[in-house]
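Given next are the chains, with one letter for each unit.
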Amino acid sequence: MKRNYDGCALCDATWGEYWREVEGERMFFCCSICADAFENMVKRVKKETGWDNVDSVSIEGNYARGRDCVATSGEKKIEYFFRHEDGKITEFRRKDQGTSPVP
Amino acid sequence: MNICPVCGEKFNDNDLSSLSAHFLSMASSSDPSHVMWLNRYISTKKMPQDKLADEFQRFYDFTEGGLADWIKKRFVNTFFSKDPNIFVLEMQEPSKYTIMGYVTEHFHFLKQWVRSCAYIIARTDFRDIQKYELDNISEEYFGDGSRPPHIELLLQMGESVGLNRETVMDSKPLKKTENALKYWDHVSSSEHWLDAMVSMHSLELIADKNVKMYGANYSYFNPKILNGGITKETTQFLKAGYEADQYHSGDALRLVESYAKQLDMEREVQSYFLRSADYFYSYLEGRSERGKMYEKEL
Ligand SMILES: [Zn+2]
Ligand SMILES: [Zn+2]
């Protein structure tokens, strides 16, 4: 899965040493809460779109602000906003219909 | 002495080297709350211990404006930055559910508040501190004879948006609130009275009119609410807090600053403030969570 962060897949932090397999790929996280949040977020994207797999996720934001994201699967794209608390998604808002092609 | 602002572990030095070593060790084992604290307040980039100790020195440095000023700036940075606490965000345009959540969790907070103030009175011999706490208890909890206490105004605010007081009084606090209350009860009953004082009264900064002077991007609520809120009781409650808490926290922090210096407890007071602010952050999330529960239920 293509990501925009080199550090923790959710928050880009380089503290910690927590690894978890998400979508068949071993990923680095700063802590288990970020891993939970990322995993639940990917699950939610798949549920919202009906996609079988997610090819890329790009994330912008932080815990307090919430996160604006773009995810793709093949030619398909979804833009959304989400917040989490303790790794559970507390807010998820789609910004598009998820059918427009990747520009 | 200072304590870890996340887990409360005590360190018998003031130079922050034990604290930075502690954080580094907690971060290397990916402890979520320590990592999140570092991310939020220090840096998201991992660094060696000497560098981290320097960062902590910078973070804790209050030489510029004094201790009370440092507390105000840190508080503003945590709650009123451009990414404020979720409850502060909701209070800019509160719905009746936001108010219901506020009333319910805050009712439990005030019950603890009066206990904490009473503990402080019981555990110090300084008359100025005792008098300060006594006045505060009257205002918040019993009223001064001419005006109803804040807790009554709070319940009236709830009733004005359709939440009856029995529901509030019979409710159990949410987990986040309960954890915070437990912590404040512990600090007030078991730690130094000055640690209790800074832990409790720094929180009154939440309603301080003057936060904008300390770089706040938001205030507790949009001031236009005062010229006609959701209900007149909402306006009344918020106005009472707005007018009272700002002189409260100002006076309290002046006392804290002067006694911390006198008792050589400045570092300790800083760290207790930070830990309490962290619990408060999560308690405010609890108010928001309760509001959303009401929205779903009603
Ligand atoms: Zn992370
Ligand atoms: Zn700790």
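Above this text sits the structure in question.
Not measured: the values here are computed from a predicted model. (Residues numbered from 1 in each chain as written. Chains lettered and ligands numbered in written order. Predicted model: local features only at pLDDT ≥ 70, side-chain atom pairs only at ≥ 80, totals over all residues. Heavy atoms only, no water.)

### Considerations on the overall build of chain A
Phase 1 of the analysis: Tallying secondary structure elements over chain A gives 1 helix and 7 strands in all.
Phase 2 of the analysis: For chain A, the succession of helices and strands along the chain, N to C, is β-β-β-α-β-β-β-β.
Phase 3 of the analysis: Here chain A has a C-alpha radius of gyration of 13 Å; the compact-globule value for 103 residues is 13 Å, and the two agree.
Phase 4 of the analysis: Dimensions of chain A along its principal axes, counting C-alpha atoms only, are 35 × 25 × 20 Å.
Phase 5 of the analysis: Per-residue burial over chain A gives 48% buried out of 103 residues.
Phase 6 of the analysis: Per element, the accessible surface of chain A, about 5,100 Å² overall, is 43% carbon and sulfur.
Phase 7 of the analysis: In chain A, 17 side chains carry a positive charge and 19 a negative one; their mean positions are 3 Å apart. (Helix = DSSP H or I, 4+ residues; strand = E, 2+ residues; numbered from the N terminus. Rg over C-alpha atoms; globule rule 2.2 N^0.38 Å. Buried < 20%, exposed > 50% of the residue type's maximum accessible area, 1.4 Å probe, protein only. Areas by Shrake-Rupley, 256 points an atom, 1.4 Å probe, with all protein chains shown as cover. Lys, Arg positive; Asp, Glu negative; His and termini not counted. Charge placed at Lys NZ, Arg CZ, Asp CG, Glu CD.)

### Quick look at the coordination of the zinc ion (ligand 2)
Residues and elements named next belong to chain B.
Phase 1 of the analysis: Taken together, the protein ligands of the zinc ion (ligand 2) are C4 (SG), C7 (SG), H22 (NE2) and H34 (NE2), with distances of 2.0 to 2.3 Å.
Phase 2 of the analysis: Given 4 donor atoms and angles of 105 to 117° at the metal, the environment of the zinc ion (ligand 2) is assigned as tetrahedral.
Phase 3 of the analysis: Within one chain, the residues serving as donors to the zinc ion (ligand 2) are arranged as C-x2-C-x14-H-x11-H. Here C4 is found in the loop between β1 (2-3) and β2 (10-11), whereas its partner H22 is found in helix α1 (residues 17-28), with 18 residues between them in sequence. Of the two residues, C4 and H22, both sit in the buried class. (Donors = N, O, S within 2.8 Å, 3.2 Å for Na, K, Ca; no water. Tetrahedral: all angles 85-135°; square planar, octahedral: opposite > 155°, others 65-115°.)

### Brief notes about the packing of helix α6 (residues 96-123) of chain B against helix α7 (residues 127-142) of chain B
All names here are of chain B.
Phase 1 of the analysis: Taken N-terminus to C-terminus, the directions of α6 and α7 make an angle of 160°; their axes are 9 Å apart at the nearest point. Relative to α7, the element α6 lies roughly antiparallel. Read as a crossing pair, α6 and α7 show a hand that is left-handed. Along its contact with α6, which presents L110, K111, W113, V114, C117, A118, I120 and I121, the element α7 presents I129, Q130, E133, L134, N136, I137, E140, Y141 and F142.
Phase 2 of the analysis: Considered class by class, the residues forming the contact of α6 with α7 number 12 nonpolar, 2 polar and 3 charged. (Axes fitted to C-alpha atoms, helices over the stretch in contact; angles between N-to-C directions. Parallel < 35°, antiparallel > 145°, perpendicular 65-115°, else oblique. Left-handed = near helix turned anticlockwise from the far one by under 90°. Contact = heavy atoms within 4.5 Å. Nonpolar A, V, L, I, M, F, W, Y, C, P; charged D, E, K, R; others polar.)

### Focus on the packing of α6 of chain B against helix α11 (residues 193-201) of chain B
All names here are of chain B.
Phase 1 of the analysis: Direction vectors running N to C along α6 and α11 enclose 150°, while the axes themselves pass 9 Å from each other. Taken together, α6 and α11 sit at an angle that is classed as roughly antiparallel. Here α6 and α11 pass one another in a crossing that is left-handed. On the side of α6, the interface is formed by W113, S116, C117, I120 and R123, while α11 contributes W193, A196, M197, M200 and H201.
Phase 2 of the analysis: Grouping the amino acids of the contact of α6 with α11 by side-chain chemistry returns 7 nonpolar, 2 polar and 1 charged.

### With respect to the interface of chain B and chain A
Accessible area lost when the parts come together is the quantity often used to give the size of an interface.
Phase 1 of the analysis: Residue-level contacts link 24 residues of chain B with 19 residues of chain A.
Phase 2 of the analysis: Of the roughly 1,800 Å² buried at the junction of chain B and chain A (both faces included), carbon and sulfur atoms supply 55%.
Phase 3 of the analysis: Contact with chain A buries surface across chain B, with S30, K46 and D83 of chain B losing the most and accounting together for 27% of the total.
Phase 4 of the analysis: At the surface where chain B touches chain A, the tally comes to 3 salt bridges. (Buried area = accessible area lost by both parts, 1.4 Å probe. Salt bridge = Lys/Arg side-chain N within 4 Å of Asp/Glu carboxyl O.)

By themselves, these are just geometric observations and shouldn't be taken as functional.
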